[in-house]
Amino acid sequence: QVQLVESGGGLVQAGGSLKLSCAASGRTFSTYLMGWFRQAPEKEREFVATINWSGDTYYADSVKGRFTISRDNAKNTVFLQMNSLKPEDTAVYYCATGSRPYTSAQAIGTRNIGYWGQGTQVTVSS
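As a starting point, this report considers the structure included with it. Just so it is clear, the model here is predicted, and its values are computed rather than measured.

1. Here's the deal with the overall build of the chain
Okay, so step 1: Counting its regular elements, the chain contains zero helices and eleven strands.
Okay, so step 2: Reading the helices (α) and strands (β) of the chain from amino to carboxyl end gives β-β-β-β-β-β-β-β-β-β-β.
Okay, so step 3: The C-alpha radius of gyration of the chain comes to 13 Å, within 12% of the 14 Å expected for a compact globule of 126 residues.
Okay, so step 4: For the chain, the C-alpha atoms occupy an extent of roughly 40 × 30 × 25 Å along the three principal directions.
Okay, so step 5: The proportion of buried residues among the 126 residues of the chain is 41%.

2. As for the environment of Glu44
Okay, so step 1: In this structure, Glu44 sits in the loop between strand E4 (34-39) and strand E5 (46-51).
Okay, so step 2: Measuring from C-alpha to C-alpha, the distance between Glu44 and Thr110 comes to 9.9 Å, with 66 residues separating the pair along the chain.
Okay, so step 3: When near neighbours in sequence (up to four residues on either side) are disregarded, Glu44 contacts Arg38 and Gln39.

3. Focus on the nonpolar core
Okay, so step 1: With 34 residues, the main nonpolar core has Trp36, Leu80, Met82 and Tyr93 as its most contacted residues.
Okay, so step 2: Every element with two or more residues in this core is listed here: strand E1 (2-7), strand E3 (18-26), E4, E5, strand E7 (67-72), strand E8 (77-82), strand E9 (91-98) and strand E11 (120-125).

4. Focus: the packing of aromatic side chains
The relation between two aromatic rings is expressed through the spacing of the ring centres and the mutual angle of the planes.
Okay, so step 1: One pass over the full model with this rule turns up four aromatic pairs.
Okay, so step 2: With 5.8 Å between their ring centres and 75 degrees between their planes, Phe37 and Phe47 make a pair best called edge-to-face. Here Phe47 lies in strand E5 and Phe37 lies in strand E4, a separation of ten residues in the sequence. When sorted by exposure, Phe37 lands in the same class as Phe47, which is buried.
Okay, so step 3: An angle of 70 degrees between the planes, with centres 5.1 Å apart, marks the rings of Phe37 and Trp116 as edge-to-face. Taken together, the residues span a long stretch of sequence, with Phe37 in strand E4 and Trp116 in strand E10 (residues 113-116) at a distance of 79 residues.
Okay, so step 4: On the basis of relative accessible area, Phe37 is assigned to the buried category, the value being 1%.
Okay, so step 5: Three or more aromatic residues joined by ring pairs form one cluster here, namely Phe37, Phe47, Tyr58, Tyr94 and Trp116.

5. Quick look at the side chain of Glu6
Okay, so step 1: The residue Glu6 is located in strand E1 in this model.
Okay, so step 2: Nearest to the buried, unbridged Glu6 among oppositely charged side chains is Arg45, at 7.6 Å.
Okay, so step 3: A distance of 2.9 Å separates a polar side-chain atom of Glu6 from the backbone nitrogen of Gly119.
Okay, so step 4: Excluding anything up to four places from it in sequence, Glu6 contacts Ser21, Cys22, Trp36, Tyr93, Tyr94, Cys95, Gly117, Gln118, Gly119 and Thr120.

6. Quick notes on the environment of Val122
Okay, so step 1: With respect to the helices and strands, Val122 occurs in strand E11.
Okay, so step 2: Sequence separation between Val122 and Leu85 is 37 residues, and the spatial gap between their C-alpha atoms is 9.9 Å.
Okay, so step 3: Those residues in contact with Val122, other than ones at most four positions away along the chain, are Gly9, Gly10, Leu18, Leu20, Met82, Asp89, Thr90, Ala91 and Tyr93.

The rules we used
Residues numbered from 1 in each chain as written. Predicted model: local features only at pLDDT ≥ 70, side-chain atom pairs only at ≥ 80, totals over all residues. Heavy atoms only, no water. Helix = DSSP H or I, 4+ residues; strand = E, 2+ residues; numbered from the N terminus. Rg over C-alpha atoms; globule rule 2.2 N^0.38 Å. Buried < 20%, exposed > 50% of the residue type's maximum accessible area, 1.4 Å probe, protein only. Contact = heavy atoms within 4.5 Å. Core = buried A, V, L, I, M, F, W, Y, C linked by side-chain atoms within 4.5 Å. Phe/Tyr/Trp six-rings, centres within 6.5 Å; stacked < 30°, edge-to-face > 60°. Lys, Arg positive; Asp, Glu negative; His and termini not counted. Salt bridge = Lys/Arg side-chain N within 4 Å of Asp/Glu carboxyl O. Polar contact = N/O pair within 3.5 Å; in protein donor to acceptor, adjacent residues only side chain to side chain.

Right under this line is the structure:
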């Protein structure tokens, strides 16, 4: 069993920045991707970014160039640095692990997630 706990959400003005953290505990595996998803009110949960053990990353087009995913393997923690935030970035952000091994970071769907965190709210005002 893996437990994921997100933190760092909050309220920020458009153009501002936030950094989210996700602390993992329990049994984690180097071959399993870690990543971030988000879900706005009345919308489907969508992919944001993934990262593998070596630090290779992949981003959704909507956040490419603005968000950076990173990890600290010694601390079992993954981060999401969010810059140039827009009102459309407003959502609950969820940390997640893949449900099976992957070699490279890539886009994954919610069906391929093994574990979810509880989420942290990010609100971007105009």
